[in-house]
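# Summary of the model geometry
Okay, here's what each chain looks like letter by letter:
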Amino acid sequence: MKPPMRSVLFAVFLVSLVIPILRAQVSNDRLLRSADEPRNWMMYSGTYASQRYSTLSQINPSNVKNLEQKWIFQAESLEKFETTPLVVDGIMYITQAPSDALALDAKTGRVFWIYRYYPSTDARPCCGSVNRGLAILGDTLFLATLDAHLIALDAKTGRPIWNTRVANASAGYAMTVAPLVVKDKVIVGVAGGEFGIRGFIAAYDVRTGREAWRFNTIPGPGEPGHETWQGQADAWEHGGGAIWTTGSYDPALNLTYWGTGNPGPDWNPGQREGDNLYSDSVVALDTDTSSGLFNSRQMIPTITIRPKSPFWSIPIGTAARASS
Amino acid sequence: MVRKCCLALAVISSLVGNRPASAQYSQADVEAGYTLYNANCITCHGANGDSIPGVNLRTNQFRRVATDAELNRLIQTGIPGTAMPPGRYTTADLAGLVAYIRSMRDFDTIAPGRGDAVHGQTIFEEKGNCTSCHRVNRKGSRVAPDLSDIGAIRSPDALRRSLMDPTGSMLPLNRYVRAVTRDGKVITGRRLNEDTYTVQLIDTEERLVSLVKSDLREYVVLKTSAMPPYKEKLTSGELDDVVAYLRTLKGAR
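Let me begin by describing the structure that accompanies this report. (Residues numbered from 1 in each chain as written. Chains lettered and ligands numbered in written order. Predicted model: local features only at pLDDT ≥ 70, side-chain atom pairs only at ≥ 80, totals over all residues. Heavy atoms only, no water.)

### Topic: the overall build of chain A
Quick reminder of the rule: Every helix listed is a DSSP run of H or I at least four residues long, and every strand listed is a run of E at least two residues long, numbered separately from the N terminus. The buried label goes to any residue with under 20% of its type's maximum accessible area, the exposed label to any with over 50%, and the partly exposed label to all in between, with areas taken from a 1.4 Å probe on protein chains only. Methods summary: accessible areas were calculated by the Shrake-Rupley approach with a probe of 1.4 Å, and residue burial reflects only the protein chains presented.
The helix and strand tally for chain A stands at 2 helices and 16 strands. Taking all 324 residues of chain A together, 52% fall into the buried category. Accessible area of chain A: about 15,500 Å², with a carbon and sulfur share of 56%.

### Quick notes on the packing of helix α6 (residues 117-125) of chain B against helix α10 (residues 236-247) of chain B
All names here are of chain B. As a reminder, the rule being used: Fitting a line to C-alpha atoms yields each axis, with helices limited to the stretch in contact; the angle taken between N-to-C directions then spans 0 to 180 degrees. Should an angle fall under 35 degrees it is called roughly parallel, over 145 degrees roughly antiparallel, and 65 to 115 degrees roughly perpendicular, with every other angle called oblique. Contacts are assigned to residue pairs with any non-hydrogen atoms lying within 4.5 Å of each other. In the scheme used here, Gly and all other residues not listed as nonpolar or charged are polar, with Ala, Val, Leu, Ile, Met, Phe, Trp, Tyr, Cys and Pro taken as nonpolar and Asp, Glu, Lys and Arg as charged.
Interhelical geometry of α6 versus α10 gives an angle of 100 degrees and a closest axis separation of 7 Å. In terms of axis orientation, α6 runs roughly perpendicular to α10. Contacts from A117, H119, G120, Q121, I123, F124 and E125 of α6 reach α10 at E238, D241, V242, A244, Y245 and L246. Taken together, the residues that form the contact of α6 with α10 break down as 7 nonpolar, 3 polar and 3 charged.

### Comments concerning the packing of aromatic side chains
Worth spelling out the cut-off: Between rings of Phe, Tyr and Trp, where Trp is taken as its six-membered ring, a pair exists when centres lie within 6.5 Å; planes separated by under 30 degrees are stacked, by over 60 edge-to-face, and by other angles tilted. For a ring to carry a charge above it, either NZ of a lysine or CZ of an arginine must fall within 6 Å of the ring centroid while also lying within 35 degrees of the normal to the ring plane.
According to the stated counting rule, one finds 8 aromatic pairs over all chains in the structure shown. Aromatic side chains Y173 of chain A and F200 of chain A sit 5.9 Å apart centroid to centroid with 45 degrees between the ring planes, which places their arrangement in the tilted category. On the criterion of sequence distance, the pair formed by Y173 of chain A in the loop between β8 (160-165) and β9 (180-182) and F200 of chain A in strand β11 (residues 200-205) is long-range, its members being 27 residues apart. One aromatic cluster is present, built from ring pairs that chain together Y34, Y37 and Y100 of chain B. Over the aromatic face of Y44 of chain A sits the side chain of R52 of chain A, whose NZ or CZ is 4.5 Å from the ring centroid. The ring of F195 of chain A carries the charged tip of R124 of chain A above its face, separated from the ring centre by 5.2 Å.

### Focus: the state of the cysteines
Under the convention used in this document: Any cysteine sulfur atom paired with another within 2.5 Å is treated as part of a disulfide.
In this structure the tally under the stated criterion is 1 disulfide over all chains. The side chain of C126 of chain A participates in a disulfide bridge whose partner is C127 of chain A; the two sulfur atoms lie 1.9 Å from each other. What sets the handedness of the C126 of chain A and C127 of chain A disulfide is the S-S torsion sign, and at about -90 degrees it is left-handed. Owing to a relative accessible area of 41%, C127 of chain A belongs among the partly exposed residues under this scheme. The thiol of C44 of chain B is unpaired, and the distance to the nearest cysteine sulfur, on C41 of chain B, comes to 8.9 Å. A relative accessible area of 44% places C44 of chain B in the partly exposed class. Not engaged in a disulfide, the cysteine C130 of chain B finds its nearest cysteine sulfur in C133 of chain B; these two sulfurs lie 8.8 Å apart. Under the relative-accessibility criterion, C130 of chain B is labelled buried at 9%.

### Brief notes about unusual backbone geometry
Backbone torsion omega between A97 of chain A and P98 of chain A reads 0 degrees, so that peptide bond is classified as cis. Residue placement: P98 of chain A occurs in the loop between β2 (91-96) and β3 (100-105). A positive phi angle, close to 55 degrees, is found at K183 of chain A, a residue other than glycine. Within the element layout of this structure, K183 of chain A appears in the loop between β9 and β10 (185-189). The class of K183 of chain A is partly exposed, set by a relative accessible area of 32%. Despite not being glycine, N137 of chain B has its phi angle at roughly 45 degrees, a positive value.

### Here's the deal with the side chain of E206 of chain B
Checked against the element boundaries, E206 of chain B lands in the loop between β5 (198-203) and β6 (208-212). Exposure remark for E206 of chain B: the relative accessible area of 18% places this residue in the buried category. If we skip the residues at most four places from it in the chain, E206 of chain B touches K156 of chain A together with S141, R142 and V143 of chain B.

### Digging into the sheet that holds strand β4 (residues 186-194) of chain B
Sheet strands pair by backbone hydrogen bonding; their relative direction is either parallel or antiparallel. All names here are of chain B. Under the convention used in this document: Between any two strands, at least two bridges found by DSSP are needed for them to pair.
With respect to topology, 5 strands assemble into an open sheet ordered β6-β5-β4-β3-β7, the strand pairing being antiparallel. Edge positions in the open sheet fall to β6 and β7 (216-222), since each of these has one partner strand only. Strand-to-strand twist in this sheet, taken as the mean axis angle between neighbours without regard to direction, amounts to 40 degrees. With 5 bridges joining them, β4 and β5 adopt antiparallel strand pairing. Bridge pairing in β5 places R190 opposite I202.

### Regarding the environment of P224 of chain A
Residues and elements named next belong to chain A. Structurally, the position occupied by P224 is in the loop between β12 (211-216) and β13 (248-250). The spatial distance from the C-alpha of P224 to the C-alpha of L277 is 9.1 Å, given a sequence separation of 53 residues. For P224, the residues in contact, after removing those within four places along its chain, are P219 and Y278.

### Examining the pairing of β11 of chain A
Residues and elements named next belong to chain A. Counting buried positions along β11 gives 5 out of 6 residues, so the element sits mostly inside the fold. Here 5 bridges tie β10 to β11, and the two strands are oriented antiparallel to one another. Opposite K185, over in β11, you have D205 as the bridge partner. Of the strand pairs in this sheet, β11 and β12 are connected by 5 bridges, and their pairing is antiparallel. Bridge pairing links F200 to N216 in β12. Linking β11 back to β12 in an antiparallel pair, the connection comprises 5 residues, with G209 at a positive phi of about 80 degrees.

### So, the environment of L239 of chain B
Residues and elements named next belong to chain B. Along the chain, the position of L239 falls in helix α10. L239 sits 75 residues away from M164 along the chain, and the two C-alpha atoms are 8.6 Å apart. Contacts of L239, omitting those with residues within four sequence positions, involve R160, L163, M164, Y230 and L234.

### Focus: the sheet that holds β12 of chain A
Residue and element names in this part refer to chain A. Overall, antiparallel pairing links the 4 strands, which are arranged β9-β10-β11-β12 in an open sheet. Of all the strands in the sheet, just β9 and β12 have a single pairing partner and so form its edges. The sheet shows a mean angle of 20 degrees between the axes of neighbouring strands, direction not considered. As paired elements, β9 and β10 share 3 bridges and run antiparallel to each other. Across the sheet, residue L180 finds its bridge partner in β10, namely I187.

### Digging into the environment of R135 of chain B
Considering the arrangement of structural elements, one finds R135 of chain B in strand β1 (residues 135-136). With residues near it in sequence (within four places) discarded, R135 of chain B still touches D154 of chain A together with G140, S141, R142, P145, D146, L147 and S148 of chain B.

### Describing a nonpolar patch on the surface
The condition that has to hold: Only residues whose relative accessible area exceeds 30% and that take part in no salt bridge are eligible for patches, with like-charged residues grouped when within 9 Å of each other and nonpolar side chains (Val, Leu, Ile, Met, Phe, Trp, Tyr) grouped when within 5 Å. A pair is scored as a salt bridge if a Lys or Arg side-chain nitrogen falls within 4 Å of a carboxyl oxygen belonging to Asp or Glu.
Nonpolar side chains collect at one region of the surface, where I59, V64 and L67 of chain A lie side by side and expose about 280 Å² of accessible area between them. Given a relative accessible area of 52%, I59 of chain A falls into the exposed group.

Here it is in structure tokens:
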């Protein structure tokens, strides 16, 4: 028996109402399958495999010369733009230095809202008061601020939901990194390797902002790798190993990979003799507990000069099935 | 020592001098002034009289005028070279405006201490059905302004006015717009941002929408609030409770 036409139409109408509302939410599943939505860019590196590669083909080598200006957004900042925009269903989310977040219409560049954050004047980044962008889950954005706070914002209105102090800005800590959302956690790392910090990567509950785990990039007394800090007795406490590029995530192994920065003091290795683990390394952490430091590799052993940046970690191989 | 005493006396006398000042204005004048203020001044000066940086009408201290006569004259002449325009009012209207501006602070001393905030929250969420449009601490719709920090930015009196007379106390910032696209699609929402050529809003489905005005068949700014007046819906005691609850909302940060 055929259902009456009116009911069918009503059902279609209901479905058409529901779909856009569901789509508006960036679920964990959408983040995992972000490669299936090339028109969106839902995390700093595009996908958890951090390839930063778009499969869109409308712009290609043959027509790239024809690109012309469509719109300009003028930032209220003279600082460098280092933000990677997120684009979700036509809305572009960017940061404006030092630590503002904005929602723009991706088609016109017009502003929906601006969240203005005024970092503590104690924040003193070494190399520019920059910010590299946001993370999103559901309808919540995550912003790491220059004075080392992690803030959750309502993506629809730009209103703050929670604000957690990750580290003490007056002790040299800063954040310029775009956070990474994995499951129910948002993961960040701290900058400040030039100011005597001890670097760490930490995960926070997306709902409450409470810290779930913290991994120190410089091992403390009794931890494996602590013996690689010789010279001054407290060298490890100020050993650097800062974080300023966003990690990647391999769902099959439940590991998150982060590149760490230089050891400190960067130009004076005499104070920190040894291999200085885990500076200038790639660390792999269990996303639920941070424990199980698998396959961490120091990329530039016993460094005396600082490399330009930490490493981008791209999981390759059978688990991630990523081709680079 | 003598100087200190004199200073203390001067401070006391100025406080005493300010207090009964409002008593000289009749309630009718103050009420007339309130209506005029909401019609003419609120756009720039705000419901609390403090929307312009550096100008807070509620302090009763002004940069350019001191006496009522001077205030009266300033309202008529405006301030050349600033956004304060000259205003044409009858003598009675001017008396009302001065009376209301001089009494703004006293208005707010009425409400504090009254009302039960816990009961107010229940009314807000149930009988008043406020969360069907307003959001407080992640609960409720985003269609109307988020009230999570309303207690920090509005006086109790302004909150009460908004409940009693939503349209009269609605800030232009919060006006809704109605747009009809060329293919007949009707979009209604709260304006977030607007320039000469485009408008950005949050629609009734809580979606962020950006429109190019030249693509629209119709574009109207709605000056009537979608919020029902609660004057009749709630008792005076219930209004006190809701205001008491709203006053506790100070925001996440």
